[in-house]
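Fold and geometry: a report
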Amino acid sequence: MKKFDVKKAYSLFYLIRKSEEKIIELYDTDKIKSPVHLSIGQEPVAVGVSLALDKKDIIFSNYRGHAHYLAREGNLKEMWAELYGKVAGSSRGKAGSMHLSDWSVNFMTTSAIVATAVPEAVGYAYSQKYQNNEGVVICYHGDGAVDEGVYWESINFASLHQLPILFVCENNKYAIYTHQDKRMLGDSIVSRANSFGLKSFRVDGIRTEDFFNAANDSINNIKNNSGPILLECMTSRWRDHVGPGEDRHINFRSDKELNDAITNDDLKNLESLINKEDVVTIQKDIDSQINDAIKYSEDSSFPGTKEITDNVYG
Amino acid sequence: MDNLKEINYGEAIYEGCYQEMENDDSVFVYGLGVDDTKGHYGTSKDLHKVFGAKRNFDIPLSEDAMTGIGIGAALGGLKPIYVHQRMDFLLLCMNQLVNMAAKLRYMSSGVHSVPLVVRAAIGRSWGQGAQHSQAFHSYFMHVPGIKVVAPTTPHDAKGCLIASIRDKNPVIFVEHRMLYSNVGYVPEELYEVEFGKGRVLIEGTDITLVGVSYTVTDCIRASLALKEIGISAEVIDPVSLSPIDYELIRKSANKTKKVLVVDNGWLTCGFAAEVIADLGINCKDLDLDRMGYLESPCPTTRVLEDGFYPSPESVAIKANTMCGGDSNWKPENISRKEINSFKGPF
């Protein structure tokens, strides 16, 4: 079992928050010419889960994947270059924010169609079991994904075959601006999953450590052949569904709801648990890594148009 | 490749699958009923008894997820074969096939590949109606990143299946139900039939007939009727629909100057449209025409069904007209024993 490393948690959390804030700062320059779905507010889930993982574990994420990617310590320079559409990007500019990947840390190419990579995660877990491989598959998805039929088809198969997979449902309550209440009767994703024979738990915490503890227990159980587990992680999206802006003007949720989440920001809490000198060192180091990554992206070239038809077929 | 034996199309698929499973531990077969006593026309019969349940297993009725699960297993280093008893059900899989299977290699700039084979049975017998008979090869031909094959002969069925399993890309493997009983000589050993290579099955000089899957047999039968009235028809089996062997078809077209494409599907935006567009752009002075399904859903009752599909007679009549023959000519009734002997229930 792993122990919660508060300094590491702070460092990853700060890296995600600052990267997203840099994207907001730079977005108006139009150097990132594609949609971005920011993770601000949802960092505690990504950081908590990632700290519970081993190198051999495999991550399936989605279009709101920056936090998952960075918490997994995917290559920062390649991520930025990918956002810039440069040849030095993780997919030479063909993926962008919505299809990030870094296979050197087992971070699979993400999908922009809600719930669409969920069966892939399950199939990957089938291949792990088939080949007696050690790694557990982590499948991040949102509450919107559970509206899709394919989600429950996938859960059913994972449960039927007792596959080594952890479903991490980041429930921020909204599919774009549509509240869960408008999409399903009752709010219990956990009880639905339980009815499929899946062990399922809600994590109602706001602390990174709560999500770490839940993931750590779950991963440990899955490694001991518990079968698949679902964690419904209650969280909050602070920014608009897509783009760098806020979404208060849309009036789909109360200011209080968002303000409460921001007041409870776990970044401040984690910072308070570390000595000040370490905080300064971590911040300085990460700020400089992000600046380097941006400079690297600015300096990198665009792919040549002859690459358009590369890698359509293998 | 001297060791030939005479087996039918279904047996050829079984043999190719069995031998490649023996050859490669990462190959597995799944789909509704693949491990039941029928084993999908015998093509997957008892594979689980030889290779174990993890390599040949029945599934829940979840075509959408089961496609994604195959893609995920392929990402994990396996070589899945997903068997569908009716291609009509592939419409439930389109998101996974088009948005994921076809694009993961591209979106990862070549880091990942999806060596998934989707076997899909198509076609008439009698009474299969609007939702149990459709062929969607053209839908998949439209998508970069997917390959499509539709072998007609037992030889090509085995060789194409082995090539499809070994290919790094997702492959839609189209098999017409009325071909399963087709008998032919098939090499006993493992071999591949190359993607993008068609075949001239019958050489001719007056007109080129290009079929797709079962309509290749319509073209062959039509060519025999045409021969009796002195018309020499060349019959081409494209085998591989994506990529298409354009060179082979152009070469034949330049020789005969007349091409009739007989699709096993609707005409608008279909295989025939694609081939004729290529010939129109790349060859000169050709007389071109096409046949296929009528522009309606497939009717169930036999009398309408017979009019809905191309037949050896209708192909022969059209070809004769294109060759300047009497438009009132009709060949004698051409027997199609695989359809005539069909008694259901499936």
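Bear in mind that the values here come from a model prediction, so they are computed numbers and not experimental data. (Residues numbered from 1 in each chain as written. Chains lettered and ligands numbered in written order. Predicted model: local features only at pLDDT ≥ 70, side-chain atom pairs only at ≥ 80, totals over all residues. Heavy atoms only, no water.)

This part is about the packing of helix 2 (residues 43-51) of chain A against helix 8 (residues 208-223) of chain A. Residues and elements named next belong to chain A. At a minimum axis distance of 7 Å, the contact between helix 2 and helix 8 shows a crossing angle of 40 degrees. The angle between the axes of helix 2 and helix 8 places the two elements in the oblique class. Crossing hand, helix 2 versus helix 8: right-handed. For the pair helix 2 and helix 8, contact is made by Pro 44, Val 45, Val 47, Gly 48, Val 49 and Leu 51 and by Thr 208, Phe 211, Phe 212 and Ala 215, respectively. Among the residues making up the contact of helix 2 with helix 8, the classes are represented as eight nonpolar, two polar and no charged. (Axes fitted to C-alpha atoms, helices over the stretch in contact; angles between N-to-C directions. Helix = DSSP H or I, 4+ residues; strand = E, 2+ residues; numbered from the N terminus. Parallel < 35°, antiparallel > 145°, perpendicular 65-115°, else oblique. Left-handed = near helix turned anticlockwise from the far one by under 90°. Contact = heavy atoms within 4.5 Å. Nonpolar A, V, L, I, M, F, W, Y, C, P; charged D, E, K, R; others polar.)

The next subject is helix 1 (residues 9-23) of chain B. Residue and element names in this part refer to chain B. When the terminal C-alpha atoms of helix 1 are compared, their 21 Å separation across 15 residues agrees well with the 21 Å that a helix rising 1.5 Å per residue should span. Within the span of helix 1, buried status applies to Tyr 9, Gly 10, Ala 12, Ile 13, Glu 15, Gly 16, Cys 17, Gln 19, Glu 20 and Met 21. For helix 1, the side-chain oxygen to backbone nitrogen distance between the N-cap and Gly 10 is 3.1 Å, and the N-cap itself is Asn 8. (Expected span 1.5 Å × (residues − 1). Buried < 20%, exposed > 50% of the residue type's maximum accessible area, 1.4 Å probe, protein only. Polar contact = N/O pair within 3.5 Å; in protein donor to acceptor, adjacent residues only side chain to side chain.)

Residue and element names in this part refer to chain B. Overall, mixed pairing links the seven strands, which are arranged 3-2-4-5-7-6-12 in an open sheet. The open sheet is flanked by strand 3 (56-57) and strand 12 (240-242), the only strands paired with a single partner. Note: strand 2 (residues 27-31) against strand 3, two bridges, orientation parallel. Pairing of Tyr 30 across the sheet is with Phe 57, part of strand 3. Packing against the sheet, helix 3 (residues 63-75) makes contact with strand 2 and strand 4 (79-84), and its axis sits at approximately 160 degrees to strand 4. (Pairing = 2+ DSSP bridges.)

All names here are of chain A. Locating Lys 173 in the fold gives a position in the loop between strand 3 (165-171) and strand 4 (174-175). C-alpha of Lys 173 to C-alpha of Asp 187: the two residues are 14 residues apart in sequence and 9.2 Å apart in space. What Lys 173 contacts, discounting residues up to four positions off in sequence, is Asp 143, Thr 178, His 179, Gln 180, Arg 183 and Thr 235.

This part covers the domain arrangement of chain B. All names here are of chain B. For chain B, the assigned domains are domain 1 (4-187) and domain 2 (199-326). One C-alpha centre belongs to domain 1, the other to domain 2; they are set 26 Å apart. Between domain 1 and domain 2, the residue contacts involve 29 residues of the former and 30 residues of the latter. Across the domain 1 to domain 2 interface the summed buried area is about 2200 Å²; carbon plus sulfur atoms make up 57%. When the area that domain 1 buries against domain 2 is broken down by residue, the three leading residues are Arg 124, Met 141 and Thr 152, summing to 26%. Applying the counting rule to domain 1 against domain 2 returns three salt bridges. Its salt-bridge partner being Arg 124, residue Glu 305 comes within 3.7 Å of it at the nearest N-O pair. Summed over the shared surface of domain 1 and domain 2, the result is eleven residue pairs in polar contact (both at pLDDT 80 or more). Put simply, the parts of the chain that give the side of domain 1 that touches domain 2 at least two residues each are helix 6 (137-141), strand 6 (147-149) and helix 7 (154-166). Here the side of domain 1 that touches domain 2 is built from residues that sort into 14 nonpolar, twelve polar and three charged. (Domains from an automatic or database assignment. Buried area = accessible area lost by both parts, 1.4 Å probe. Salt bridge = Lys/Arg side-chain N within 4 Å of Asp/Glu carboxyl O.)

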